[in-house]
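Architecture and fold: a report
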Amino acid sequence: MPKTGSIRRAIGEATCRAAGASGEEYARKLDRMIVAAGLEQRMTGMEILGEQAVSVVLFPAFWLYVFSRLSFFAFVFDGPAQILFYLLLIALGFFFPTLRIRDRIKFRQEKIIIAIPDAVDLLTIAVEAGLDFMTALRRVVEKQKDGPLKEELVRLFRQIELGRTRRDALKELADRVQLDDLSNTCSALIQADRLGSSIAPVLRTQSDVLRTRRMQRAEKKAMEAPIKMMAPLLACIFPAVFIVIFAPLFIQMWRNLQQ
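The rules behind each value
Each chain has its residues counted from 1, following the order in which its sequence is written. Local features in this predicted model are restricted to residues of pLDDT 70 or higher, and side-chain atom pairs are both shown and tallied only at a pLDDT of 80 or more, whereas totals for entire chains, interfaces and linings draw on every residue. Derived side-chain values reflect all non-hydrogen atoms in the structure, with water molecules and hydrogen atoms excluded from consideration. The salt bridge criterion pairs a side-chain nitrogen of Lys or Arg with a carboxyl oxygen of Asp or Glu, the two atoms within 4 Å. Segments assigned H or I by DSSP are reported as helices when at least four residues long, segments assigned E as strands when at least two residues long, and all are numbered from the N terminus. Exposure is judged per residue with a 1.4 Å probe applied to protein chains only, and the accessible area is read against the type maximum: over 50% gives exposed, under 20% gives buried, and values in between give partly exposed. Angles here are taken between N-to-C directions and fall from 0 to 180 degrees, while the axes themselves are lines fitted to C-alpha atoms, restricted in helices to the stretch in contact. Roughly parallel refers to an angle under 35 degrees, roughly antiparallel to one over 145, roughly perpendicular to one between 65 and 115, and oblique to any angle outside these ranges. By definition, turning the near helix anticlockwise from the far helix through less than a right angle yields a left-handed crossing, and turning it clockwise yields a right-handed one. What makes two residues a contact is simply this: any of their non-hydrogen atoms within 4.5 Å.

Counting across every chain of the model gives 22 salt bridges. In this structure, Arg214 engages Asp118 in a salt bridge whose closest nitrogen and oxygen atoms are separated by 3.4 Å. Highlighted residues: Arg214 in helix α10 (residues 199-258) and Asp118 in helix α5 (residues 99-128), separated in sequence by 96 residues. In this structure Arg214 comes out as partly exposed when scored by relative accessible area, which is 30%. Residue classification places Asp118 among the partly exposed positions, given a relative accessible area of 44%. Residue Glu172 pairs with Arg176 through a salt bridge whose shortest N-O separation is 3.5 Å. One end of the pair is Glu172 and the other is Arg176, both in helix α8 (residues 166-177) and four residues apart, which spans about a single turn. The class for Glu172 is partly exposed, based on a relative accessible area of 23%. Salt bridges here are not isolated pairs; linked through shared partners, they connect Arg108, Glu151, Glu152, Arg164, Glu172 and Arg176.

Written out as structure tokens, the structure is:
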């Protein structure tokens, strides 16, 4: 019996051939998303494309069956508006298999954003202390906590150890993670390597920039917190407070009216 992954890959390849050049470009885009999510060892773009091809059929069929059984949703099947409803279900079915990948990418990027300023700080200190880039990178990898950033740094270190040029390894790192902060740091290091200048001042500048950006993000989230708290307050806390305060008054008024 063929494995599920093989079936998905076969469906994806058939879909890709039917779509032509646009299908191949989209499959490459899915491959980049999978790499950014750190899932390249578990799945391929063709498999996800196969899932999307199946979901485009099964997802609308399932929800149409559910809505057809509920009389409350009978209005969606009346008139020309139902065509928009069908198109919406097809679109949701197409993008549904990629939701977990996008969530995984966001999760990894948030972890990297938090960890990268400290990692660059440590790399800067090691380089300014006189260590070469590879030795400093090894120290950073050893001190780094387990997480997405450590995985990417270990991969970078191994690529350079195996003979990959620092420039190419850094460029591939930026392409894999697809994060502005990391891309800017890699670009600065690549530029310094191309010009043959010392990387210590470059790392110091990038370290300052990354710490400033992290502070700005923290301030932005602190400013957004009161606004985000309004919805739970209005939905959960305020009604309970109003009941506690005004319920005795209404009960007393009702008793007075009954007398």
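So that's the structure; there's more coming.
Here helix α2 (residues 21-36) crosses α5 at 45°, and the two axes come no closer than 8 Å. Compared by their axis directions, α2 and α5 come out oblique. Here α2 and α5 pass one another in a crossing that is left-handed. When α2 is examined against α5, the residues Met33, Ile34, Val35 and Ala36 are found in contact with a partner set consisting of Ile101, Arg102, Ile105 and Arg108.

Note that all results are geometric; they support no functional claim without further evidence.
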